[in-house]
Amino acid sequence: MNPKPNHEPNDTITTAPSIELGSIPAPETKHDDPFLVTFTEPLDPENPKDWPTSRKWAVTDVLSATGFNRIMVSTIMAPALSTIAKEFDMSSTESAMALSIYLLATAFGPLFIGPLSEVYGRRSILHASNIWFLVWNIACGFANSKEILIASRFLAGFGASAIYALANGVLGDVWRPEQRGRSLGMYLLIPLLGAAVGPIIGGFMAGRTTWRWMFWSTSIFQAVMILVSFTAFKETHAPSILLHRAKTLRKETGNSQYQTTDERLHANKSPTKILARALIRPINLLSFHPIIQITSLISAFYYGILYIVLSTFSDLWMKQYKQTVEISGLHYISCALGEIAGSQIGAKMMDALYRRRISNSDSNSSEHVPESRILLVFPGALIGPLGLFLYGWAAQARLHWAIVDVGIFFAMLGMQITGLPMTAYVMEAYPEYTSSAGAASQFG
């Protein structure tokens, strides 16, 4: 089931020139119309897919390091939940909410941030979200009531969600299908470390200093990342790059005929209408596209399992195995190692399958389609539940702590192997609206 990816959801499926330009169809190539602003073939230095590999890795690494901090913030307070709950007189439900409301915000945020990046470009949205996240993460450290802490966590999570909205879009902007596995695997490598580093740092801070330093220290790191992103992150959104090129040509030549395909397509639409249409796109995708609905349900299940584990993991070791808060944080390493191993194994499997398919002598099999990614979902779908069963059974029976860690390792490994090809599938099925499609699939 291929979802006609090159057209906006609910648009009439026609060729771009005949949509709104009246009786004079716009040519589809620059060869036919010298005033059509497009990337030159075969190579254009401003086309993100033609960038030098070093520049591609630069923008990928900026996203990866930013994602590391934001994932670390999502888990860093887990070992200190009991301490924070005691200070603010929070119930068990409220303390769990203080942790998980960050995740709720990361589900809602991409619904707005993803479409905005498709209208205003990836770079400006990344910078704005970085500053927003920094302000509210600092506020968490100065919170003097449970209400302020929970509200600040939600607003910080909203800013942090930009990385989830932008990652799919940026990776789809700069990397070609044959590099999909490697780029996703390397992008995920650093952020997934945050899932382990966060609770470890949080555990030692909770035991040796105030929990507020969890937020202050990550805010310092975020301030550094803001400076790095302003210098190292270049615009990757092709329509935004072409729009800048068209404006430059119009200014230099004084000829208003220089336009991009998007400008011609939306010639009769006001900026407000364009923005409104972009903002409802994720909801349209989630409402009417079975691909998005299914991936959303699977993502929701995995995120639910992940945060149930993260919010109860520390208590398991402290209450059932009588370990200190510092040592309990070290067990999060097994979670991160499972996710890292899953991302790297899944990435290599994905690229190997792609190369095998392309090199197949049968012409019908050699053409790449997004659906070919789905085959790799099944190994993870088997390994993950088996790991969860081992984790739950070993913890309930109070077996040796290493068996519990092995169980959660395989559970996280399976989840990552399942999630990676689903992410690639959505990116390649909706190449024009990757951020919106990714936001919709994550919303569940």
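Residues numbered from 1 in each chain as written. Predicted model: local features only at pLDDT ≥ 70, side-chain atom pairs only at ≥ 80, totals over all residues. Heavy atoms only, no water.

Q: How do you make sense of the overall build of the protein chain when you look at a structure like this?
A: The secondary structure content of the protein chain amounts to 18 helices and zero strands. Relative to the globule expectation of 22 Å for 444 residues, the C-alpha radius of gyration of the protein chain, 23 Å, shows essentially globular dimensions. Dimensions of the protein chain along its principal axes, counting C-alpha atoms only, are 75 × 55 × 40 Å. Every one of the 444 residues in the protein chain was classed for burial, and the buried ones make up 52%. For the protein chain, the proportion of contacts with a sequence separation of at least 24, taken over those separated by at least 6, is 80%. (Helix = DSSP H or I, 4+ residues; strand = E, 2+ residues; numbered from the N terminus. Rg over C-alpha atoms; globule rule 2.2 N^0.38 Å. Buried < 20%, exposed > 50% of the residue type's maximum accessible area, 1.4 Å probe, protein only. Contact = heavy atoms within 4.5 Å.)

Q: What's the story with unusual backbone geometry in this structure? I'm lost.
A: Negative phi is the rule for most residues except glycine; trans is the rule for most peptide bonds. That bond from glutamate 41 to proline 42 is cis: its omega, 0°, falls within 30 degrees of zero. Assignment of secondary structure puts proline 42 in the segment before α1 (53-75).

Q: I tried to follow the UniProt feature "transmembrane region" (unreviewed entry) in the protein chain on my own but got confused; where do I start?
A: Annotation from UniProt places "transmembrane region" (unreviewed entry) at residues 96-113, 125-144, 150-172, 184-207, 213-233, 291-310, 374-393 and 399-420. Taken end to end, residues 125-144 comprises 85% helix and 0% strand; its first and last C-alpha atoms sit 31 Å apart. The span residues 399-420 is 91% helical and 0% strand by assignment, and the distance between its end C-alpha atoms comes to 32 Å. (UniProt positions renumbered as here; feature names shortened; annotations may be inferred.)

Q: It is not clear to me how the domain arrangement of the protein chain should be interpreted in this structure. Could you clarify?
A: By convention, interface size is frequently given as the accessible area that disappears when the constituent parts associate. Each assigned domain of the protein chain is listed here: domain 1 (34-268) and domain 2 (289-357 + 370-443). Between the C-alpha centres of domain 1 and domain 2 the distance comes to 21 Å. Each side of the interface is counted separately: domain 1 has 46 residues, and domain 2 has 37 residues. Buried surface at the junction of domain 1 and domain 2, both sides included, amounts to about 3500 Å², of which 68% is carbon and sulfur. When the buried surface of domain 1 facing domain 2 is broken down by residue, Leu103, Asn168 and Leu192 rank first, second and third, together holding 16% of it. (Domains from an automatic or database assignment. Buried area = accessible area lost by both parts, 1.4 Å probe.)

Q: So what exactly am I meant to see when it comes to the packing of aromatic side chains here?
A: Each aromatic ring pair is summarised here by two numbers: the centre-to-centre distance and the angle between the ring planes. Enumeration according to the criterion identifies 13 aromatic pairs in this entry. Each ring, one from tryptophan 57 and one from tryptophan 175, has its centre 4.6 Å from the other, and the planes form 55°; the classification is tilted. Here tryptophan 57, found in helix α1, pairs with tryptophan 175, found in the loop between α6 (162-174) and α7 (180-208); they are 118 residues apart in sequence, far enough to count as distant. The exposure class assigned to tryptophan 57 is buried, which follows from its relative accessible area of 15%. Where phenylalanine 142 meets tryptophan 216, the ring centres are 5.2 Å apart and the plane angle is 45°; that geometry is what we call tilted. Taken together, the residues span a long stretch of sequence, with phenylalanine 142 in the loop between α4 (122-141) and α5 (146-160) and tryptophan 216 in helix α8 (residues 213-232) at a distance of 74 residues. (Phe/Tyr/Trp six-rings, centres within 6.5 Å; stacked < 30°, edge-to-face > 60°.)

Q: How should I be thinking about the packing of α4 against α8 in this particular structure?
A: At a closest axis distance of 9 Å, the pairing of α4 and α8 adopts a crossing angle of 165°. In terms of orientation, α4 lies roughly antiparallel with respect to α8. The hand of the α4/α8 crossing is left-handed. Here Arg123, Leu126, His127, Asn130, Ile131, Phe133, Leu134, Asn137, Ile138, Cys140 and Gly141 of α4 come into contact with α8, specifically with Phe215, Trp216, Thr218, Ser219, Gln222, Ala223, Ile226, Ser229 and Phe230. Of the residues contributing to the contact of α4 with α8, the split by class is 11 nonpolar, eight polar and one charged. (Axes fitted to C-alpha atoms, helices over the stretch in contact; angles between N-to-C directions. Parallel < 35°, antiparallel > 145°, perpendicular 65-115°, else oblique. Left-handed = near helix turned anticlockwise from the far one by under 90°. Nonpolar A, V, L, I, M, F, W, Y, C, P; charged D, E, K, R; others polar.)

Q: Help me understand the packing of α6 against helix α18 (residues 434-443), please; the structure alone is not making it clear to me.
A: A pair of packed helices can be characterised by two numbers: the angle between their axes and the separation between those axes. Where α6 contacts α18, the axes come no closer than 8 Å and their chain directions differ by 135°. As summarised for this structure, α6 and α18 are arranged oblique, according to the angle between their axes. With respect to the hand of their crossing, α6 and α18 are arranged in right-handed fashion. Along the contact surface, α6 presents Tyr164, Ala165, Leu166, Asn168 and Gly169, while α18 presents Thr434, Ser435, Gly438 and Gln442. Taken together, the residues of the contact of α6 with α18 break down into three nonpolar, six polar and no charged.

Q: Looking at this model, I keep getting lost on the nonpolar core. Mind explaining?
A: Side chains of a nonpolar character, in soluble globular proteins, are inclined to be buried together. Counting 43 residues, the largest nonpolar core has Leu149, Met214 and Phe313 as its most contacted members. Element by element, the count of residues in this core is highest for helix α12 (residues 290-320), at nine residues. Here this core spans two domains, since at least three of its residues come from each of domain 1 (34-268) and domain 2 (289-357 + 370-443). In contact with phenylalanine 313, not counting residues within four places along its chain, are His331, Tyr332, Ser334, Cys335, Tyr391, Asp405 and Ile408. (Core = buried A, V, L, I, M, F, W, Y, C linked by side-chain atoms within 4.5 Å.)

Q: Which parts of the structure should I look at to understand helix α11 (residues 271-288)?
A: Note that an α-helix has 3.6 residues per turn; residues three or four places apart therefore point the same way. With 18 residues, α11 extends 25 Å between its outermost C-alpha atoms, agreeing within 8% with the 26 Å of an ideal straight helix rising 1.5 Å per residue. The sharpest bend along α11 measures roughly 35° and falls at arginine 281, with the proline proline 282 sitting one to four residues further on. Looking only at α11, the buried set comprises Ala278, Arg281, Pro282, Asn284, Leu285 and Leu286. Tucked inside the fold, the buried residues of α11 contact α3 (92-120), α12 and α18. (Expected span 1.5 Å × (residues − 1). Bend = angle between axes of the 7 residues up to and from the residue.)

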